[in-house]
Amino acid sequence: MDATTASGPDQYRAARLAKADKLRAAGIEPFGNRFAPTHSIAAARALCPAQVVEGDQPKGDRVICAGRIGNLRASGAKLVFATLFDRSRAEIFAQQDPAVRDGADAKKARGIQLYLDKAVLGDGWTVVESLDLADWIGVEGRVGRTRRGEPSIFVERVTVLGKALLPPPHQAGADDGVLSPEIRQRQRYLDLMQSDAALHVFITRSRLVSELRSFFTEHGYLEVETPMMQPIPGGASARPFVTRHNALGLDLYLRIAPELYLKRLLVGGLERVFELNRNFRNEGISPRHNPEFTMVEWYEAYADHRVMMDLSEQLFRRLADRVLGRSTLTFGEWTIDLDQPFRRIGYHDALRQFGGIDHADVAAIKAKARELGIPLDAHATHERLVNAVWEAVVEPHLIQPTFITDQPTWLTPLCRTHPDDPSRTLRFELFMARMEVGNAYTELNDPTIQRQRFAEQAVEAAAASDQEVSGIIDEDYCTALDHGLPSCGGQGLGIDRLVMLFTGATTIRDVILFPTMKPGA
RNA sequence: GCGUCCGUAGCUCAGUCGGUAGAGCAGCAGACUUUUAAUCUGUGGGUCCUGGGUUCGAUUCCCAGCGGGCGCACCA
């Protein structure tokens, strides 16, 4: 179809293909090759002279930059202004005052203006005439300021690095960030292209992961990888995904946790291990849950859950310091202070403190459940009802970092119990901003007790018809324990929720590049 | 899985008490040599999510399906 007559959904592609052809006809490749920028756009901006030179064309340092056209403005037939963006827009975004971040002026300042003069560019003007929003180009020129004071590159050479055949959803600097949630998640590249905030979230995520790795490595931990496909899914209570190995004629389960394999490694003598990887749970999707999610789990021989508490506090402070450069997290209305020692409170004590209820007082628990609208018959045992009441009563108070300790044993089959009270475990869950972000045990290393717990769990799972496989006893793991698991502490930390806390994202889908979705229509 | 709201141009959205639709931005053509979401003139662009039903006529009303948001349940 001819570019001037094309209409309908293909008009954009047709017009841009025609421009690509026009470039080829002039001997210019519209899908460029290797290019070597000398400066990021942030660096080029920093080189711009502070003062506007009155009545003279500014002549600053020579730079070569590459990026994407976010805005095009022709001022006459022989002069074009464009705004070029590269990945440093995320860095500039992070440095901007949150109060002004969303303004059009702030958005513009994350790129750099290009001054494209026909008289200067000569043959290169063919490229300028064919430019469209979203094209990738490289430019060479001198930095300076225009008469209006805008930092600019006075371009002498233009190279096309990647012609875009489809238009971006928006012009940069206009209507930023109003893409529908569906487009932002399904076509994440458009979200990243469009939104500096989104780009910043995923860069932050990467830096958090990187700092986590160096933290554990420096503490003498070894990074390992254990099976994602397991014959018996263990280490957590959740429904697994099932998959099929054809050659083995075997159903395998995508792991719900790496725990049982990591502890096998301690049996082998690795002593300190961590794994940062995906888990899969066949459960519902919510603003805090994605079917596949990333978790770091670590185990340390001779330690216990109290050692893990200290390590957690150190870890959070270090991540905040290295990644955010401060010791607080901002999440909605809340400012979470990581400098203060994290609060530590027992599971049953918390219920007393925040609800004024004793967990053993059956009548009081039932009364509270009724008051909160929790259906009594949905919870088979008194303990389960207590837990439902606990979540409703206590969790709203868990905004500042809090270790909840001494969970009841029935909740926690892989954990060692208190020496003086077998109904409570040596465990903690770490909460911040009402989210559970961490979970740690003093691990159970007595194979006899472990076998009993598995058996009890199997009975309970059989009773609850919706539990598919969590009742299977992992005898192979018990054999590993028979060979001797050193006393140890272990902890898991959800990476996605960690990123939420560090970026202020209120839904997990904003911190996962490609969250689980049904195939589009 | 249940409830609820939504699906109209490339994007964000109006609208049609049932008579096949509009805006802004983007696009195309033209004017303009310091613009700032440039401006000005002209102009093209739609399976109104899909499939049934009711109707003379459905984008609109009804039913089902598909996709998304939010809440609940399950879970972390």
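All figures in this text were calculated on a predicted structure; none of them were measured in a lab. (Residues numbered from 1 in each chain as written. Chains lettered and ligands numbered in written order. Predicted model: local features only at pLDDT ≥ 70, side-chain atom pairs only at ≥ 80, totals over all residues. Heavy atoms only, no water.)

Trainee: Let's hear about the packing of aromatic side chains: which residues, and what values?
Mentor: The full count for this structure, using the stated rule, is 14 aromatic pairs. Ring geometry for Phe215 and Phe216: centres 5.3 Å apart, planes at 90°, overall edge-to-face. Judged by relative accessible area, which is 2%, Phe215 ranks as buried. Summarising the aromatic geometry, the rings of Phe316 and Phe502 are spaced 6.5 Å apart at their centres and angled 35° between planes, so their arrangement reads as tilted. Of this pair, Phe316 sits in helix H11 (residues 305-324) while Phe502 sits in helix H17 (residues 495-503), placing them 186 residues apart in sequence. (Phe/Tyr/Trp six-rings, centres within 6.5 Å; stacked < 30°, edge-to-face > 60°. Buried < 20%, exposed > 50% of the residue type's maximum accessible area, 1.4 Å probe, protein only. Helix = DSSP H or I, 4+ residues; strand = E, 2+ residues; numbered from the N terminus.)

Trainee: Please give an account of the sheet that holds strand E14 (residues 343-346) that cites residues and values.
Mentor: A sheet is described by the order of its strands in space; here 8 strands give the open sequence E6-E10-E11-E20-E19-E18-E15-E14, paired in mixed fashion. Of all strands in the sheet, those bounded by a partner on one side alone are strand E6 (222-223) and E14. Relative to the sheet, H17 contacts strand E10 (272-280), strand E11 (292-301), strand E18 (427-432), strand E19 (435-442) and strand E20 (488-494), its axis offset from that of E19 by approximately 135°. (Pairing = 2+ DSSP bridges. Contact = heavy atoms within 4.5 Å. Axes fitted to C-alpha atoms, helices over the stretch in contact; angles between N-to-C directions.)

Trainee: Summarise the nonpolar core; cite the residues concerned and give the values.
Mentor: Of all hydrophobic cores here, the largest spans 45 residues; its most connected members are Leu212, Phe216, Trp298, Phe316 and Leu501. Per-element accounting of this core gives the leading share, 8 residues, to H11. (Core = buried A, V, L, I, M, F, W, Y, C linked by side-chain atoms within 4.5 Å.)

Trainee: Explain the protein's contact with RNA strand B to me, and be specific about the residues and the numbers.
Mentor: Near RNA strand B there are 57 residues, and of these Gln11, Tyr12, Asn71, Arg148 and His289 occur at the shortest range. By atom count, sugar and phosphate contribute 58% of the portion of RNA strand B lying within 4 Å of the protein. One of the side-chain nitrogen or oxygen atoms of Gln11 is found 2.2 Å away from a base nitrogen of RNA strand B. Contact between RNA strand B and Glu182: a sugar or linking oxygen at 2.7 Å from a side-chain N or O atom of the residue. Top contributing element to the surface near RNA strand B by residue count: helix H7 (residues 181-186), with 5 residues. Classifying every residue of the surface near RNA strand B by side-chain character gives 21 nonpolar, 19 polar and 17 charged. (Near = heavy atom within 4 Å. Polar contact = N/O pair within 3.5 Å; in protein donor to acceptor, adjacent residues only side chain to side chain. Nonpolar A, V, L, I, M, F, W, Y, C, P; charged D, E, K, R; others polar.)

Trainee: Got a sec to walk through the pairing of strand E12 (residues 328-331)? Specific residues and values, please.
Mentor: Judged by which residues are buried, E12 turns out to be one-sided: Leu329 and Phe331 face inward and are buried, whereas Thr328 and Thr330, on the alternate face, are not. In terms of strand pairing, E12 meets strand E13 (residues 334-337) through 4 bridges, oriented antiparallel. Counted as the bridge partner of Leu329 is Ile336 from E13. The hairpin formed by E12 and E13 contains 2 residues between the paired strands, and Gly332 there has a positive phi angle of roughly 60°.

Trainee: Give a detailed account of the pattern of salt bridges, specifying residues and quantitative values.
Mentor: According to the stated counting rule, one finds 41 salt bridges in the structure shown. In this structure, Asp21 engages Arg24 in a salt bridge whose closest nitrogen and oxygen atoms are separated by 3.7 Å. Linking Asp21 with Arg24, this pair stays in helix H1 (residues 11-25), spanning 3 residues, or about one helical turn. Judged by relative accessible area, Asp21 falls into the partly exposed class, the value being 47%. The network of salt bridges with common partners includes Arg16, Lys19, Asp132, Asp135 and Lys163. (Salt bridge = Lys/Arg side-chain N within 4 Å of Asp/Glu carboxyl O.)

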